[in-house]
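Okay, here's what each chain looks like letter by letter:
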Amino acid sequence: MKRLILIVSFVFSGALVFAHEGNEHVRGVVTKVSPQAITVETTGKKTTTLTITAKTTFQLAGKAATLADLKVGDRVVVDVPQKSSDALLVQIGTSLAAAPAKKLDIAFASSPKPTKTGDNTFEVIVKDAAGTPVTGADVSVLLFMPAMPAMKMAEMRNEVKLKHVGAGKYTGTGQVMMKGIWTVTVSVKENGAEVGQKKLTLTAN
């Protein structure tokens, strides 16, 4: 009987090891988070979306964490069963947003002038501390207007990704959704990490 118990125990333990080793690991940077799923950008700029289930667990610095601890820009290692897109264990690493920023000269302009509601063209010129144009970066412009409960208006935001056209100049067309004062955040990223940022306000007529 003891021998039978030992054999069963060995088989059961082996199954656990096999199940653990059968998991795949998705490594990369979080680009989107929702209660239902997370999107991870892996090497080669490829993205994969993993489903959050009741079985999903989170770890931060070796300790138990929650989905609320996960932010866009975090490095993660996610255990995923083979032939599945469910996230079993999400190990949260160092946030890329915490990477030290470079000393960049970021100039922002929009046209037409004054800014109007509807489509506008945004232009950003990025140079380093030595005045050398920064090329090959990921530059975006985030337009934000806070909620106005008295007017029963929810907050509004619109992110516009710009395209490099040469000599450190990035341009793109984005929509300003209504008149008023908008907060503008220009973000410059390299390899998924933010290396520079500039905040300003924009008044749309």
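Just so it is clear, the model here is predicted, and its values are computed rather than measured.

Asks: Would you mind showing me how to read the pattern of salt bridges here?
Replies: Side chains that differ in sign of charge can pair as their charged atoms come close. One pass over the structure, following the stated rule, counts two salt bridges. Residue Lys169 pairs with Glu123 through a salt bridge whose shortest N-O separation is 4.0 Å. Taken together, the positions of Lys169 in strand 13 (residues 169-176) and Glu123 in strand 9 (residues 118-127) put the pair 46 residues apart, joining distant regions of the chain. Owing to a relative accessible area of 31%, Lys169 belongs among the partly exposed residues under this scheme. Looking at Glu123, the relative accessible area reads 28%, which means it is partly exposed.

Asks: Looking at this model, I keep getting lost on the sheet that holds strand 10 (residues 138-145). Mind explaining?
Replies: Note on sheets: strands pair through backbone hydrogen bonds, and any given pair is parallel or antiparallel. Reading across the sheet, the four strands line up as 11-10-14-15 and stay open at both edges, with antiparallel pairing between neighbours. On the outer flanks of this sheet lie strand 11 (156-161) and strand 15 (193-204), each paired with one strand and no other. Across the sheet, the mean angle separating the axes of adjacent strands is 20° when strand polarity is ignored. Where strand 10 lies against strand 11, six bridges are found, and the strand directions are antiparallel. Each bridged residue has a counterpart across the sheet, and for Phe144 the counterpart in strand 11 is Arg157.

Asks: It is not clear to me how the sheet that holds strand 12 (residues 163-166) should be interpreted in this structure. Could you clarify?
Replies: Spatial ordering of the open sheet is given by 8-9-13-12, a layout of four strands whose pairing is antiparallel. Edge positions in the open sheet fall to strand 8 (105-111) and strand 12, since each of these has one partner strand only. Averaged over all pairs of adjacent strands, the angle between strand axes in this sheet comes to 30°, irrespective of strand direction. Note that strand 9 and strand 13 share eight bridges and pair antiparallel. Within the sheet, the bridge partner assigned to Thr121 lies in strand 13 and is Thr173.

Asks: Please clarify how the environment of Lys83 should be interpreted in this entry.
Replies: Residue position: Lys83 is located in the loop between strand 6 (74-81) and strand 7 (89-95). Each C-alpha atom, one on Lys83 and one on Glu24, is 9.2 Å from the other, the two residues being 59 residues apart in sequence.

Asks: Sorry, what's going on with the pairing of strand 1 (residues 23-33) here?
Replies: Every regular strand shows the same layout, with side chains that alternate between the two sheet faces. As paired elements, strand 1 and strand 6 share seven bridges and run antiparallel to each other. Residue Val29 lies in a different strand from strand 6, and its bridge partner there is Arg75. Here four bridges tie strand 1 to strand 2 (residues 37-41), and the two strands are oriented antiparallel to one another. The residue bridging Val29 from the neighbouring strand is Glu41, located in strand 2. Remark: three residues form the turn of the hairpin made by strand 1 and strand 2, two consecutive strands paired antiparallel.

Asks: So what exactly am I meant to see when it comes to the side chain of Ser110 here?
Replies: By the element assignment, Ser110 lies in strand 8. In terms of polar contacts, Ser110 uses its side chain to reach the side chain of Thr115, at 3.2 Å. Setting aside its immediate chain neighbours within four residues, Ser110 contacts Thr115, Thr121, Phe122 and Leu202.

Asks: Can you walk me through the nonpolar core in this structure?
Replies: One broad rule of soluble globular proteins: the nonpolar side chains tend to lie buried together. Within the largest apolar cluster, 23 residues are counted, with the highest numbers of intra-cluster contacts made by Val124 and Val139. Looking at this core, the elements with two or more residues in it are strand 8, strand 9, strand 10, strand 11, strand 13, strand 14 (180-190) and strand 15. Val124 has contacts with Ile106, Ala107, Phe108, Val139, Val141, Leu162, Gly168, Lys169, Tyr170 and Val186, leaving out every residue within four places of it along the chain. Listed in part, the 15 residues of the second largest apolar core include Val40, Val78, Ala87 and Ile92.

Cut-off values and rules
- Chains are numbered independently. Their residues run from 1 in the order of the written sequence.
- In keeping with the predicted nature of the model, local features appear solely for residues at pLDDT of at least 70, side-chain atom pairs appear and are counted solely at 80 or more, and the whole-chain, interface and lining totals rest on all residues.
- Hydrogens are left out, water is left out, and the side-chain values use all remaining heavy atoms of the structure.
- Any Lys or Arg side-chain nitrogen found within 4 Å of a carboxyl oxygen on Asp or Glu counts as a salt bridge.
- The helix and strand labels rest on DSSP assignments: H or I over at least four residues marks a helix, E over at least two residues marks a strand, and numbering proceeds from the N terminus.
- Burial classes follow relative accessibility: with a 1.4 Å probe on protein chains only, a residue under 20% of its type's maximum area counts as buried, one over 50% as exposed, and anything between as partly exposed.
- Pairing between strands is defined by DSSP: at least two bridges between the two strands are required.
- What counts as an axis is a line fitted to C-alpha atoms, over the stretch in contact for a helix, and the angles between N-to-C directions run from 0 to 180 degrees.
- Whenever a nitrogen or oxygen atom comes within 3.5 Å of another N or O atom, the pair is scored as a polar contact, on the condition that within protein one atom can donate a hydrogen and the other can accept it, and that pairs from neighbouring residues in sequence are kept only if both atoms are in side chains.
- Contacts are assigned to residue pairs with any non-hydrogen atoms lying within 4.5 Å of each other.
- Definition used in this section: a nonpolar core is a set of buried Ala, Val, Leu, Ile, Met, Phe, Trp, Tyr and Cys residues joined via side-chain atoms within 4.5 Å.

Don't take any of this as a statement about function, it's just geometry.
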